[in-house]
Amino acid sequence: MTQNDNIQQANEETRRAWDANASFWDLKMGEGNDFANELCWPAILRLLDPKPGQRILDIATGNGLTARRLAALGVEVTAFDFSAELIKYAKQRTDPAAHISYHVLDATDESALLGISGSPNLFDSALCNMALFDMADLESLFRTLPKLLKPGGVFVFTLTHPAFNNASCAHVVEERDDEGQIKTVYSVKISKYITPFQSRGLAIRGQPQAQIYFDRPLQTYFNLGFQNGFVLDGFEERAFPPDHPQGSPLGWGGKFSEIPPVLAVRMRLSR
């Protein structure tokens, strides 16, 4: 089996998983959970800086959460996902009067990506919120974006932090004697980072089917951008504040306030 065959097989497994999880995901995510509301969206607003009348491409929109938020700011949104089930829920949640066009489209399909705009260099910016690690292949997307964005256009994406929140991450609690005081310390243990790897996991506890995580080091994302004419000009690492409640005893929350589970990146076309 060739590398391309492996990518296609993993891509199809991922599509089936998201179709199977769409109803559960839409119910749990709704119009945003704590990751979306506390960590991702504030950084997206700062880095994307959306303005009324702009055209923005929302990549892997899921149930349309970010598309609706952008449209509420006066943006003309083109949103897509490769899961037809997720797009179904996105449309159900969206006011028909909203300036959003939804499409079922695979971000690993370069020809489909090129056909989404109808004309080259149409979009002011592109957004991919917490989804690049769900894609079996990133080269097609990064190669195509310069043909979709206007000169100087930006690509903003958020990720589970590759260094602190990949699929090899284990949450740890320890009791420590610190200068004569017994303290409880929360940390994470990481066993993989440099070599890209795949594993199956749950995006939300209780979802019907595990999906594949495609974990990659930061250099993979940055170098794909650099190779395709982007420069890095915005970067945020996002952690919950100390008073943020824990969803579970060792889940992400205020007890891990010094460790960012999410990062946000802005890359800008240099030409």
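Residues numbered from 1 in each chain as written. Predicted model: local features only at pLDDT ≥ 70, side-chain atom pairs only at ≥ 80, totals over all residues. Heavy atoms only, no water.

(A) Looking closely at the packing of aromatic side chains. Evaluated as defined, the whole model comprises 11 aromatic pairs. Plain terms: the ring middles of Phe133 and Tyr213 are 6.3 Å apart, the flat faces sit at 45° to each other, and that makes the pair tilted. Of this pair, Phe133 sits in the loop between strand E4 (123-129) and helix H6 (139-148) while Tyr213 sits in strand E9 (residues 211-215), and the two are 80 residues apart along the sequence. Of the two residues, Phe133 and Tyr213, neither departs from the other in class, the shared state being buried. (Phe/Tyr/Trp six-rings, centres within 6.5 Å; stacked < 30°, edge-to-face > 60°. Helix = DSSP H or I, 4+ residues; strand = E, 2+ residues; numbered from the N terminus. Buried < 20%, exposed > 50% of the residue type's maximum accessible area, 1.4 Å probe, protein only.)

(B) Looking closely at the side chain of Asn129. Here Asn129 is to be found in strand E4. Within the structure, Asn129 has its side chain in polar contact with the side chain of Thr158 (distance 2.5 Å). Sequence-distant contacts of Asn129, defined by excluding residues within four places in its chain, comprise Cys40, Ile44, Ile59, Thr66 and Thr158. (Polar contact = N/O pair within 3.5 Å; in protein donor to acceptor, adjacent residues only side chain to side chain. Contact = heavy atoms within 4.5 Å.)

(C) Here's a closer look at the sheet that holds strand E2 (residues 76-81). Reading across from one edge, E3-E2-E1-E4-E5-E11-E10 is the order of the 7 strands in this open sheet, with mixed pairing throughout. At either margin of the open sheet sits one strand with a lone partner, and together these are strand E3 (100-104) and strand E10 (230-238). Direction aside, the axes of adjacent strands within the sheet are offset by 15° on average. As defined by bridge partners, E2 adjoins E3 across 5 bridges and the pair is classed as parallel. Across the sheet, the residue bridging to Phe80 is His103, located in E3. Docked against the sheet, helix H3 (residues 65-72) engages strand E1 (55-59), E2, E3 and E4, running at close to 160° with respect to E3. (Pairing = 2+ DSSP bridges. Axes fitted to C-alpha atoms, helices over the stretch in contact; angles between N-to-C directions.)

(D) Highlighting the pattern of salt bridges. Inspection of the entire model under this criterion finds 16 salt bridges. We note a salt bridge from Arg46 to Glu236, for which the minimum N-O separation is 2.8 Å. On the criterion of sequence distance, the pair formed by Arg46 in helix H2 (residues 34-48) and Glu236 in strand E10 is long-range, its members being 190 residues apart. Exposure remark for Arg46: the relative accessible area of 45% places this residue in the partly exposed category. For Glu236, a relative accessible area of 17% translates into the label buried. Taken together, the salt bridges that share partners define one network made up of Asp26, Glu31, Arg68 and Arg93. (Salt bridge = Lys/Arg side-chain N within 4 Å of Asp/Glu carboxyl O.)

(E) Highlighting unusual backbone geometry. Notably, Asn121 is not glycine yet its phi reads approximately 55°, a positive angle. Positionally, Asn121 belongs in the loop between helix H5 (110-114) and E4. Take Asn121: its relative accessible area is 34%, and that puts it in the partly exposed class. Positive phi values are uncommon outside glycine, yet Met130 reaches one of about 55°. Mapped onto the secondary structure, Met130 falls in the loop between E4 and H6. For Met130, a relative accessible area of 18% puts it in the buried group.

(F) Representation of the packing of H2 against H3 in the model. Running from amino to carboxyl end, H2 crosses H3 at an angle of 50°, the nearest separation of the two axes being 12 Å. Between H2 and H3, the angle is such that the two are oblique. Once H2 is placed against H3, the crossing between them reads as right-handed. Seen from H2, the contacting residues are Ala36, Asn37, Trp41 and Leu48; seen from H3, they are Leu65, Thr66, Arg69 and Leu70. Its residues assigned to classes, the contact of H2 with H3 shows 5 nonpolar, 2 polar and 1 charged. (Parallel < 35°, antiparallel > 145°, perpendicular 65-115°, else oblique. Left-handed = near helix turned anticlockwise from the far one by under 90°. Nonpolar A, V, L, I, M, F, W, Y, C, P; charged D, E, K, R; others polar.)

(G) How the structure looks around empty space enclosed by the protein. Enumeration over the complete set of coordinates arrives at 1 cavity of 30 Å³ or more. A volume near 30 Å³ is recorded for the largest cavity. Its residues assigned to classes, the lining of the largest cavity shows 4 nonpolar, 1 polar and 2 charged. (1 Å grid on protein atoms, 1.4 Å probe; cavity = no way out; pocket = protein on both sides within 12 Å on 5 of 7 lines; lining within 4 Å. Points joined across faces, edges and corners; volume = space filled by probe spheres on them.)

(H) How the structure looks around the pairing of E1. Counting buried positions along E1 gives 4 out of 5 residues, so the element sits mostly inside the fold. Where E1 and E2 come together, 5 bridges link them in parallel fashion. Paired with Leu57 across the bridge in E2 is Thr78. In the classification by handedness, the crossover that spans E1, the intervening H3 and the parallel E2 is right-handed. Sheet analysis places E1 next to E4, joined by 4 bridges and oriented parallel. Each bridged residue has a counterpart across the sheet, and for Ile56 the counterpart in E4 is Ser125. (Right-handed = clockwise from strand over helix to strand, strands pointing away.)

Worth remembering: the numbers are spatial, not functional.
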